[in-house]
Structure formats: C-alpha cells, structure tokens
Amino acid sequence: MDRRDFILTGSATLASLLALADSRAFAQAAKEKVSPGHSSSHLPLLFGTDYYPDQTPENLWEQDAAAMAAAGITNVRIAEFAWGLMEPREGSFDFKWLERVVGILHAQQISVILGTPSAAPPPWLTQKYPEVLMVNEHGVTLSPGTRRFTCPTNATYRRLSLAIATEMARAFNSTPGVIGWQIDNELTLGESGRCYCRFCREGFQQWLRGRYPSLDAINQAWGTVFWSNTYTDFSQIPVPLPSGAPPNPGFALDYDRYQSYANVSFLEEQLAMLRKLCPTRFVTTNNVGLVDTIDMRDLYRNLDFASADNYPGSSRFFSAALTRERAGCQTR
C-alpha cells in the first residue's frame, strides 16, 4: 500500500472505528476559542492527529489536508520534531514553510497545535555544543541522531531550546488557526529516563542546598554513616552511577526527585514565555503511560490540561484493520 492509499483508507477506517457520525460538529467545535483558564467542561470537542509536513513533500500538503478534513479531523499537532528546518543554523530562523502549512490546514477548517521542538535538536547544535548530551545510568554519553538524548540541566541546551520556542511564539502568536501549544514531546519517554552528567551533578548539589538546612541534615537523612559515606563537603556528593553495590536508597531517591525537578523547570521556562507571548492559546505537554521519572503533579500543575499519548495495540492491529477495510469486510 502506497502513502496515498494509506492516508485515504486509514482515515476512513479510523473514522469508522470511532463512529464519527457527523464530522461537521467536530469542525464547528474546533472554531471555538480556547484559552487558558477554561475548565475541561468548556473545552471544545476535538478529533485530531499528529501530522508531519516537515517529513512530507510540499506538493502533497493540500491533498493531505483535504483527506483529513474529509475524515472529520478538526485539529493536528505539528512541528515538534522540525527544529532543523525552523533553525537550520544557529540564530537563523525560517518559519515560511510552517506558515504555508498552517494556512493550508486553516483553509480546510483544521486547527493547529504547535509543538516546541526541544525533544530533537539538529546536528549543528550537538556538534557545536557536545556538552548538552545526556549521560546515561551506566556513565555513557549518549550520541545524537535520534531524540531525547540531551541533558535537562544543561544551561546551553535550555537557552537554545527557549530561543527556538520564543521565535516560534513570536511568529505564530496571532496566526489564525493556531489554537494551542505543546511543550517538547514525551518528556518521560526515552531509553535513558535520567541524566547523570557533570552538569546534573552540580545541579543536584545546588538543589540539595535548597532542600536541606545543612550537610549534616543530608547525612542524617540518608544514613551516610553506613559504608563510611559521610560527606564533609557538598562537592563530594556524586550522582548514582554504577559502583560496587546498589546506591544508598535515600541518596538515589533524592536524585530521582532532582531529575524530576530539572525536567519540570525545563518545561516551566518555555511555559512562562508562552504565557507571555501567546496568552490566548492553551498550553499542554504529552506523555506516555505511568512512569516514575517525573512527578506528573508537578509537570502538569501550571498547564491548562494534561495530555497522554495512547498507542493502541501495535502496527499489526492497524494493518489488520486496513486489510479488512480494503476487502470490504465489516469489523465485528
């Protein structure tokens, strides 16, 4: 099945599975103004999907938009992995292509949620600033080339992530069809859920200074007298990398708390900017399942609503559904 058949047939199948009897009602709901402070009972009903125009030839954008509109799609999330196209070189921004996409979708009455792209930085960034790379729980520095391989503490990465998000917000703060923002993408989803680099060690030591009244209080709380681990200076406190035995549990728990704090504060920097520049648009972020790398209460506390990704079954499920649809069989 080629790409065209997949989109057209897949859209029809999903619409059937979700029993979308009247797509016009969804389209009308998408036109309603959504702004921070609305309760969930006042949010319009949306039926959306992820869309990747950055990975799609431009001559197909209008066809895609028409197909999605015909299937009852009211909104799409785009651009969360498009940092390299929006900032091909440091400080050089290009949003013209994204403006064209938003315009095409808006013409089909499809609203847009823009994703800030900090989950997947471009090669120029990691080449110029290799210190932003994450160190995993085995002490190995991750390599670029996929996503979620950067340190949430690193000041350089925070600066660059905030810069691209800020330029996006300035470019689209009043663009018709843009209804909201998603910060980053799946902060809890990655092969390495926490970073253990030198910047995180320094950040952890600083965080402990604010959490405990003294170094003696840390030693008391963690029971560091065990195995002669009593600390006499904050600079001695490490991160829980592999050692001769499992780490002190109090120490490990506080480090997990620090990593949650680091990710939440990373998000909050972008949130504060979006609240200032795009005050009439909702802001959220997305995550997958229940994980222990970030305290979800902290993560979503200041966002407009919580978002969760649901990957139904597997690709096998969709392949079977599409096969049945093409064969003209009814799914029972």
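Residues numbered from 1 in each chain as written. Predicted model: local features only at pLDDT ≥ 70, side-chain atom pairs only at ≥ 80, totals over all residues. Heavy atoms only, no water.

1. Overview of the overall build of the chain
Line of reasoning, step 1. A tally of helices and strands in the chain yields twelve helices and seven strands.
Line of reasoning, step 2. Expressed as a percentage of its 332 residues, the buried residues of the chain come to 48%.
Line of reasoning, step 3. Partitioning the intrachain contacts of the chain with sequence separation of at least 6 by distance along the chain shows that 74% fall at a separation of at least 24.
Line of reasoning, step 4. When the accessible surface of the chain is split by element, carbon and sulfur atoms take 53% of a total near 17,000 Å². (Helix = DSSP H or I, 4+ residues; strand = E, 2+ residues; numbered from the N terminus. Buried < 20%, exposed > 50% of the residue type's maximum accessible area, 1.4 Å probe, protein only. Contact = heavy atoms within 4.5 Å. Areas by Shrake-Rupley, 256 points an atom, 1.4 Å probe, with all protein chains shown as cover.)

2. With respect to the packing of helix α7 (residues 155–172) against helix α10 (residues 249–277)
Line of reasoning, step 1. Contact geometry of α7 with α10 gives a least axis separation of 10 Å together with a crossing angle of 25°. Taken together, the axes of α7 and α10 lie roughly parallel to each other. The crossing of α7 and α10 is right-handed. The residues of α10 that touch α7, namely those facing Y157, R158, S161, L162, A165, T166, A169 and R170, are A262, S265, F266, E269, Q270, M273, L274 and L277.
Line of reasoning, step 2. Classifying every residue of the contact of α7 with α10 gives nine nonpolar, four polar and three charged. (Axes fitted to C-alpha atoms, helices over the stretch in contact; angles between N-to-C directions. Parallel < 35°, antiparallel > 145°, perpendicular 65-115°, else oblique. Left-handed = near helix turned anticlockwise from the far one by under 90°. Nonpolar A, V, L, I, M, F, W, Y, C, P; charged D, E, K, R; others polar.)

3. Some details on the environment of Q206
Line of reasoning, step 1. For Q206, the location among the structural elements is in helix α8 (residues 198–211).
Line of reasoning, step 2. Exposure remark for Q206: the relative accessible area of 52% places this residue in the exposed category.
Line of reasoning, step 3. Measuring from C-alpha to C-alpha, the distance between Q206 and S235 comes to 9.6 Å, with 29 residues separating the pair along the chain.

4. Focus: the state of the cysteines
Line of reasoning, step 1. Enumeration over the complete set of coordinates arrives at zero disulfides.
Line of reasoning, step 2. Cysteine C195 shares no disulfide, and the gap to the nearest cysteine sulfur, in C197, comes to 3.6 Å.
Line of reasoning, step 3. The structure places no disulfide on C200, whose sulfur is separated from the nearest cysteine sulfur, that of C151, by 3.5 Å.
Line of reasoning, step 4. For C200, a relative accessible area of 0% translates into the label buried. (Disulfide = S-S within 2.5 Å.)

5. Topic: the pattern of salt bridges
Think of it this way: side chains of opposite charge can pair up when their charged atoms draw near.
Line of reasoning, step 1. Counted under the stated rule, the structure contains 16 salt bridges.
Line of reasoning, step 2. A salt bridge links D50 to R77, with the nearest nitrogen and oxygen atoms 3.1 Å apart. Of this pair, D50 sits in strand β1 (residues 48–50) while R77 is found in strand β2 (residues 75–78), placing the two residues 27 residues apart along the sequence.
Line of reasoning, step 3. The partly exposed category is assigned to D50, whose relative accessible area is 40%.
Line of reasoning, step 4. Of the residues examined, R77 reaches a relative accessible area of 9% and is grouped as buried.
Line of reasoning, step 5. For R194, the salt bridge is made with D256, and the minimal N-O distance between the two is 3.1 Å. Taken together, the positions of R194 in the loop between β4 (178–182) and α8 and D256 in helix α10 put the pair 62 residues apart, joining distant regions of the chain.
Line of reasoning, step 6. A residue is classified by how much of its surface remains accessible, and D256, at 25% relative accessible area, is partly exposed. (Salt bridge = Lys/Arg side-chain N within 4 Å of Asp/Glu carboxyl O.)

6. Section: the pairing of β4
Put simply, side chains in a regular strand alternate between the two faces of the sheet.
Line of reasoning, step 1. Most of β4 sits inside the fold, with five of its five residues counted as buried.
Line of reasoning, step 2. In this structure, strand β3 (residues 111–115) lies alongside β4, joined through four bridges in parallel fashion. From the neighbouring strand, G115 faces β4, where its bridge partner is Q182.
Line of reasoning, step 3. Where β4 meets strand β5 (residues 282–284), three bridges bridge the pair, whose relative direction is parallel. Paired with W181 across the two strands is V283, which belongs to β5. (Pairing = 2+ DSSP bridges.)

7. Thoughts on the side chain of N286
Line of reasoning, step 1. You can see N286 is positioned in strand β6 (residues 286–288).
Line of reasoning, step 2. On the basis of relative accessibility, which here comes to 1%, the residue N286 falls in the buried class.
Line of reasoning, step 3. A distance of 3.1 Å separates the side chain of N286 from the side chain of N185, its partner in a polar contact.
Line of reasoning, step 4. A distance of 3.1 Å separates a polar side-chain atom of N286 from the backbone nitrogen of E186.
Line of reasoning, step 5. In contact with N286, not counting residues within four places along its chain, are R77, Q182, D184, N185, E186, L187, Y300, S307 and D309. (Polar contact = N/O pair within 3.5 Å; in protein donor to acceptor, adjacent residues only side chain to side chain.)

8. Points about the layout of surface pockets
Line of reasoning, step 1. In this structure, the second largest pocket occupies an estimated 400 Å³ of space.
Line of reasoning, step 2. Lining the second largest pocket we find 20 residues, and of these N229, P246, P247, N248 and F251 sit closest to its centre.
Line of reasoning, step 3. Classifying every residue of the lining of the second largest pocket by side-chain character gives 14 nonpolar, six polar and no charged. (1 Å grid on protein atoms, 1.4 Å probe; cavity = no way out; pocket = protein on both sides within 12 Å on 5 of 7 lines; lining within 4 Å. Points joined across faces, edges and corners; volume = space filled by probe spheres on them.)

9. Some remarks on the confidence of the model for the chain
Where the model shows low pLDDT, its predicted coordinates should not be examined in detail.
Line of reasoning, step 1. Averaged over the chain, the pLDDT score is 87; the fraction of residues at 70 or greater is 81%.
Line of reasoning, step 2. Every residue in residues 16–40 scores below 50 in pLDDT, and together they form 39 contacts with partners more than four places removed in sequence or on other chains. (pLDDT = per-residue confidence, 0-100.)

10. So, the pairing of β2
Line of reasoning, step 1. The alternating pattern of β2 places N75 and R77 on one face and V76 and I78 on the opposite face, and all of these are buried.
Line of reasoning, step 2. The pairing of β1 with β2 spans three bridges and is parallel. Across the sheet, the residue bridging to G48 is N75, located in β2.
Line of reasoning, step 3. With four bridges connecting them, β2 and β3 associate as parallel partners. Pairing of V76 across the sheet is with V112, part of β3.

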